[in-house]
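Working through the structure, step by step
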Amino acid sequence: MILTRHIPTFGCSSRAGCYNLSMTIRIILAITGASGAVFGIHALKILHELKVETHLILSDAAKKTIEYETEWMIPAVEAMAFRAYDPEDVGAALASGSF
């Protein structure tokens, strides 16, 4: 299942004429080890329901906070994201300037 949302973009210019572009909304969500982790999960849940393409990074401290302070399991949180990344992965797509 691809979790993307396309927003039609319309525009006209004297040189290019009229055009219709489709833009995908991609959001990078990083959750750290603070008590606000529950808000990050809530945001991720809403974005998932809206079919927005989300890219999730959970720090090790965030994983501990989620386990201690919420009823969520880490795999369930990561499953709501389009893609979840290891925060130590310097070769991740997010680390590229072309992302």
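Each remark here, short or long, concerns the structure printed above.
One structure accompanies this document, and this report is about it. (Residues numbered from 1 in each chain as written. Predicted model: local features only at pLDDT ≥ 70, side-chain atom pairs only at ≥ 80, totals over all residues. Heavy atoms only, no water.)

Some details on the overall build of the chain
Summing up its helical and strand segments, the chain has three helices and five strands in all. For the chain, the N- to C-terminal ordering of α and β elements is β-β-β-α-β-α-α-β. Counting only residues that meet the buried cut, the chain has 27% of its 99 residues in that class. For the chain, the accessible surface area stands at approximately 6,700 Å², while carbon and sulfur atoms represent 58% of it. (Helix = DSSP H or I, 4+ residues; strand = E, 2+ residues; numbered from the N terminus. Buried < 20%, exposed > 50% of the residue type's maximum accessible area, 1.4 Å probe, protein only. Areas by Shrake-Rupley, 256 points an atom, 1.4 Å probe, with all protein chains shown as cover.)

Considering unusual backbone geometry
Phi at lysine 51 is positive, roughly 60 degrees, even though this residue is not glycine. Here lysine 51 shows up in the loop between α1 (37-49) and β4 (53-58).

Section: α1
For α1, which comprises 13 residues, the first-to-last C-alpha distance of 19 Å matches the rise-based estimate of 18 Å (1.5 Å per residue) to within 8%. Among all positions in α1, only Ala37, Gly40, Ile41, Leu44 and Leu47 are buried. Across the axial projection of α1, the buried residues extend over an arc of 125 degrees, all falling on one side. Within α1, the exposed residues directed more than 90 degrees away from the buried face are Phe39 and Glu49. The secondary structure elements touched by the buried residues of α1 are β3 (26-31), β4, α2 (60-69) and α3 (74-79). Once α1 finishes, lysine 51 follows within two positions and takes phi at roughly 60 degrees, a positive value. (Expected span 1.5 Å × (residues − 1). Arc of directions from axis to C-beta. Contact = heavy atoms within 4.5 Å.)

Looking at the side chain of serine 59
Mapped onto the elements of the fold, serine 59 is located in the loop between β4 and α2. A polar contact is formed between the side chain of serine 59 and the backbone nitrogen of alanine 62, at a distance of 3.0 Å. Here serine 59 is in contact with Ile31, Thr32, Gly33 and Pro87, once residues within four sequence places are set aside. (Polar contact = N/O pair within 3.5 Å; in protein donor to acceptor, adjacent residues only side chain to side chain.)

Quick word on the sheet that holds β4
Pairing within the open sheet is parallel, and its three strands lie in the order β3-β4-β5. A strand with exactly one partner marks an edge of an open sheet, and here the two such strands are β3 and β5 (83-85). Across the sheet, the mean angle separating the axes of adjacent strands is 20 degrees when strand polarity is ignored. As defined by bridge partners, β4 adjoins β5 across three bridges and the pair is classed as parallel. Its bridge partner lying in β5, histidine 55 is registered against arginine 83. (Pairing = 2+ DSSP bridges. Axes fitted to C-alpha atoms, helices over the stretch in contact; angles between N-to-C directions.)

A word on the environment of tyrosine 85
Along the chain, tyrosine 85 falls in strand β5. Expressed as a C-alpha distance, the spacing of tyrosine 85 and histidine 55, which sit 30 residues apart in the sequence, is 7.4 Å. Not counting residues up to four positions away in its chain, the partners in contact with tyrosine 85 are His55, Leu56, Ile57, Leu58, Ala92, Ala93, Leu94 and Phe99. In terms of polar contacts, tyrosine 85 uses its side chain to reach the side chain of histidine 55, at 2.9 Å.

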